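Structural description and commentary
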Amino acid sequence: MKIKRKEIGMIKNTKLKIVIEYCIIAFGAAIMAIGIGIFLVDAKVVPGGVSGLSMSVHYLTGLPVGLMIWVFNIPLYIWGVKELGKEFGVRTFFGFTLNSFFIDFFRGDIPGFNFIRLQDTSTIKNLQQNDFMFLILIGAALLGIGLGIIFKFKGTTAGSDIVAAIMHKRFGTKPGMAIMMTDFFVIMLAGFIIEFKDLAGDRSAVTFYALFLLFISSRLVDVIIDGFDYARSVNIISDKNDEIAKAIMDDLSRGATALKARGLYRNLDREVLTTVVTLKELSKLLAIIKKVDSKAFVTVSNVHEVMGEGFRRRI
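The following paragraphs examine the structure supplied in this document. (Residues numbered from 1 in each chain as written. Predicted model: local features only at pLDDT ≥ 70, side-chain atom pairs only at ≥ 80, totals over all residues. Heavy atoms only, no water.)

Moving on: a nonpolar patch on the surface. A grouping of Leu67, Trp70, Val71 and Phe93 is seen on the molecular surface, where their side chains present a nonpolar patch of about 320 Å² in accessible area. Take the nonpolar patch: its biggest share by element is three residues, from helix H3 (residues 65-84). Summarising the element assignment, Leu67 is placed in helix H3. (Patch = residues over 30% accessible without salt bridge, like charges linked within 9 Å, V, L, I, M, F, W, Y side chains within 5 Å. Areas by Shrake-Rupley, 256 points an atom, 1.4 Å probe, with all protein chains shown as cover. Salt bridge = Lys/Arg side-chain N within 4 Å of Asp/Glu carboxyl O. Helix = DSSP H or I, 4+ residues; strand = E, 2+ residues; numbered from the N terminus.)

The following block contains the structure:
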């Protein structure tokens, strides 16, 4: 009876976790949609992938951007399921569908919600006229943060990610290279469309803004997925490891681990002391090491995530 109750509790926790993850994916899709629909579409600065292609079609035909993103993603999604398997997933469909919906919703392109049109607010208009660079920077930040949140919780917005995965499977092409090639092509295509329609005074400037957008948003995606560097891993090789370890535990209230190793230069068995500290504690630790053994060999590495006593786990 107790086992059944435990199993029911585990199932409930798993379902609750999945619901929370889907809610967070929806939140990420909304942030991404604001970045694209409110800050970038009317600025004529095009991100890569399906979003950029949809914006190009919007400039030519006037069709809603979100709708075009959804339409372009459907065949890509079917292709992805066929090539990559069913595990490709419901989350992908959920992610790009919500992203498409939110873009048109915030832009007032959904019937019945024409009054929303956040892109027509005085703040956005003022940024377009007086601080274009900041406008693009905000759009890039929202795009990267939203996409990073979606990726963090096992979702995706399809698009060039599918193309990259299939090219990697079929031809061994690195995903990063495939995405970069796809995005570059889309940005160039959008640039020619903008020039053809005479939508911007300087096509070259708009294209450079688009490349700048790609760089900022991709970096933010990495930051959201990997996390900010908020801790450091320190390896210490010293003849006074015991004294250093005692100081770490007493003065910093941190743990330390001694790993057995062999120095090849002198062919001696010795210990490597390793510990993890916060950024604030790093300078104090280095001062302790220098005081105990000024000849100690120390390496410091970035740490993105720490799970364990003394560190708060991030989502």
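Okay, the packing of helix H5 (residues 122-130) against helix H6 (residues 132-152) next. Contact geometry of H5 with H6 gives a least axis separation of 6 Å together with a crossing angle of 125 degrees. What the angle tells us is that H5 and H6 run oblique. Contact residues: H5 offers Ile124, Leu127, Gln128 and Asn130, while H6 offers Phe132, Phe134, Leu135 and Ile138. The residue inventory of the contact of H5 with H6, partitioned by class, reads six nonpolar, two polar and no charged. (Axes fitted to C-alpha atoms, helices over the stretch in contact; angles between N-to-C directions. Parallel < 35°, antiparallel > 145°, perpendicular 65-115°, else oblique. Contact = heavy atoms within 4.5 Å. Nonpolar A, V, L, I, M, F, W, Y, C, P; charged D, E, K, R; others polar.)

Attention now goes to the packing of aromatic side chains. Two measures describe an aromatic ring pair: the distance that separates the ring centres and the angle between the ring planes. Following the criterion strictly, the structure yields ten aromatic pairs and no others. Here the aromatic cluster, defined as three or more aromatic residues joined through ring pairs, consists of Phe101, Phe102, Phe105, Phe106, Phe113 and Phe115. (Phe/Tyr/Trp six-rings, centres within 6.5 Å; stacked < 30°, edge-to-face > 60°.)

Our focus in this paragraph is the pairing of strand S2 (residues 257-263). Pairing between S2 and strand S3 (residues 268-278): seven bridges, direction antiparallel. For Leu259, the partnering residue across the bridge sits in S3 and is Val272. Counting the residues that bridge the hairpin from S2 to S3 gives four residues, and of these Asn267 lies at a positive phi of roughly 55 degrees. (Pairing = 2+ DSSP bridges.)

Take the pattern of salt bridges next. Tallied over the entire structure, the rule returns eight salt bridges. Of the charged contacts, one joins Asp120 and Lys125 as a salt bridge, the two residues approaching to 3.8 Å between their closest N and O atoms. In this structure Asp120 comes out as partly exposed when scored by relative accessible area, which is 35%. Note on Lys125: relative accessible area 31%, which makes it partly exposed. Notably, a salt bridge pairs Asp239 with Arg270, separated by 3.0 Å at the nearest N-O pair. Within this pair, whereas Asp239 is found in the loop between strand S1 (231-237) and helix H10 (241-251), its partner Arg270 is found in strand S3, the two being separated by 31 residues in sequence. Here Arg270 falls in the partly exposed class, since its relative accessible area comes to 24%. (Buried < 20%, exposed > 50% of the residue type's maximum accessible area, 1.4 Å probe, protein only.)

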